[in-house]
Amino acid sequence: MTARPLASVSIDLDNLWAYLKTHGDPGWHRYPSFLPSAVPRLLEILGDQRLTTTVFAVGADVVREDGAKAVNEIAAAGHEIGNHSFGHEPWLHRYSRARLEEELRRTDDAIVAAGAPPPLGFRGPGFSLTRELVEVLAERGYAYDASTLPTWVGPLARAYHNRTAPRSDDGDGRDELFGGVAQVLAPVHAYRWRTTDGSSLVELPVTTMPLVRTPIHGSYLLRLHEVSPRLARGYFKTALRLCLLRGVSPSLLLHPTDVLGGAEAPGMEFFPGMGTPGSRKVAWLAWVLRTLREHFDVVGTGEHVYRADVRRERSVTRLDAGR
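Residues numbered from 1 in each chain as written. Predicted model: local features only at pLDDT ≥ 70, side-chain atom pairs only at ≥ 80, totals over all residues. Heavy atoms only, no water.

## Looking at the environment of His304
Link 1 in the chain: Relative to the helices and strands, His304 resides in helix 11 (residues 301-307).
Link 2 in the chain: Sequence separation of His304 and Ala7 is 297 residues, and the distance between their C-alpha atoms is 6.9 Å.
Link 3 in the chain: Setting aside residues up to four positions removed in sequence, His304 forms contacts with Leu6, Ala7, Ser8, Leu204, Ser249, Pro250 and Val299. (Helix = DSSP H or I, 4+ residues; strand = E, 2+ residues; numbered from the N terminus. Contact = heavy atoms within 4.5 Å.)

## Some remarks on unusual backbone geometry
Link 1 in the chain: Residue His88 is not a glycine yet carries a positive backbone phi of 50°.
Link 2 in the chain: Note on placement: His88 falls in the loop between strand 3 (80-83) and helix 5 (97-113).
Link 3 in the chain: Non-glycine residue Phe127 carries a positive phi angle of around 60°.
Link 4 in the chain: With respect to the helices and strands, Phe127 occurs in the loop between strand 4 (121-122) and helix 6 (131-139).

## Details of the side chain of Lys21
Link 1 in the chain: Summarising the element assignment, Lys21 is placed in helix 1 (residues 16-23).
Link 2 in the chain: With residues near it in sequence (within four places) discarded, Lys21 still touches Trp28, Gly87 and Glu89.

## Focus: the pairing of strand 6 (residues 191-194)
Link 1 in the chain: What you see with strand 6 is a clean split: Tyr191 and Trp193 sit on the buried side and Arg192 and Arg194 on the side with no burial.
Link 2 in the chain: Sheet topology note: the strand 6/strand 7 (residues 200-203) ladder contains four bridges and is antiparallel. Considered in strand 7, the bridge of Arg194 is made with Ser200.
Link 3 in the chain: With antiparallel pairing between neighbouring strands as the criterion, strand 6 and strand 7 make up a hairpin whose turn holds five residues, including Gly198 at a positive phi of roughly 95°. (Buried < 20%, exposed > 50% of the residue type's maximum accessible area, 1.4 Å probe, protein only. Pairing = 2+ DSSP bridges.)

## Digging into the pattern of salt bridges
Link 1 in the chain: In this structure the tally under the stated criterion is 17 salt bridges.
Link 2 in the chain: Here Arg123 makes a salt bridge to Asp12, at a shortest N to O gap of 2.8 Å. Taken together, the residues Arg123 in the loop between strand 4 and helix 6 and Asp12 in strand 1 (residues 6-12) connect sequence positions 111 residues apart.
Link 3 in the chain: Relative accessible area serves as the criterion here: at 0%, Arg123 is assigned to the buried category. (Salt bridge = Lys/Arg side-chain N within 4 Å of Asp/Glu carboxyl O.)

## Focus on the packing of aromatic side chains
Link 1 in the chain: Taken as a whole and assessed by the stated rule, the structure comprises ten aromatic pairs.
Link 2 in the chain: Plain terms: the ring middles of Trp17 and Tyr31 are 4.9 Å apart, the flat faces sit at 55° to each other, and that makes the pair tilted. Here Tyr31 lies in the loop between helix 1 and helix 2 (35-48) and Trp17 lies in helix 1, a separation of 14 residues in the sequence.
Link 3 in the chain: Looking at Trp17, the relative accessible area reads 0%, which means it is buried.
Link 4 in the chain: The partly exposed category is assigned to Tyr31, whose relative accessible area is 30%.
Link 5 in the chain: When the centroid spacing of 6.5 Å and the interplanar angle of 90° are considered together, the rings of Phe270 and Phe271 count as edge-to-face. In this pair, the class of Phe270 matches that of Phe271, namely buried.
Link 6 in the chain: Pairwise contacts between aromatic rings join Tyr19, Phe34, Phe270 and Phe271 into one cluster.
Link 7 in the chain: The aromatic ring of Tyr95 is capped on one face by Arg99, whose charged end is 3.9 Å from the ring centroid. (Phe/Tyr/Trp six-rings, centres within 6.5 Å; stacked < 30°, edge-to-face > 60°. Lys NZ or Arg CZ within 6 Å of the ring centre and 35° of its normal.)

Below, the structure is given as structure tokens:
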């Protein structure tokens, strides 16, 4: 019997305050949360689809009651918990090695304290990745990173974000959000970073459409769905068809905003898709996951890395990750 092609689904558990923080809204300091609404909804959808996934948690949430409860419930449902940094700042490329180590350690400790196993996977907020970060991850015993998005649209997303954000002249890193055009040259398959000390780390990119390198993650699909549901369905089916033809094992990224309406995320009117009711988003996401399952054996990112034969993939011997 021929094995089905492999795919994975992951969720970045970005909270309301994290979006407001990146956008420059001073209200983020109150740490508003939509996890109590989003997490049960996400778990219900995943349960209905019989999927076990990976959820990348933010340490600043996990040290709080609602974040710790969310991580505990997600882990109890059988999903992997990954590290998504402590402060969710998409400019990790500006951090010193010592600060990177502190970000990882604090989040690791919070995740374990919440009742989940020590994380083996990491994703940088805003797809932020550097050589130092890869080395620190390898030193801490991580099995994989999932921070790359091989696309050319990063500068366009940055321009849209900064155009809608409050003006800032304090050099907070927004001018470097979401990577550069060079990301279009990054591999689309799983591969292996090799560090200067001889250790290695698997990189599992967030999948973009083969050949054209445009995103297929949840937020992008929702934006297309706002324009035309028929367009969004055709776009996603085309992406999956190209993945099958090109031998790409898709890794699909989701966020809590993929199941929440605007009233459940006050202050996020700037974010694409927030004008769509939560119930309509849930129905759309169920279709996306069901369609993915029709063609692929869908797992979490950790299982994806474990089952992928990265020995046959391109190894990056010169570690010049990210920026």
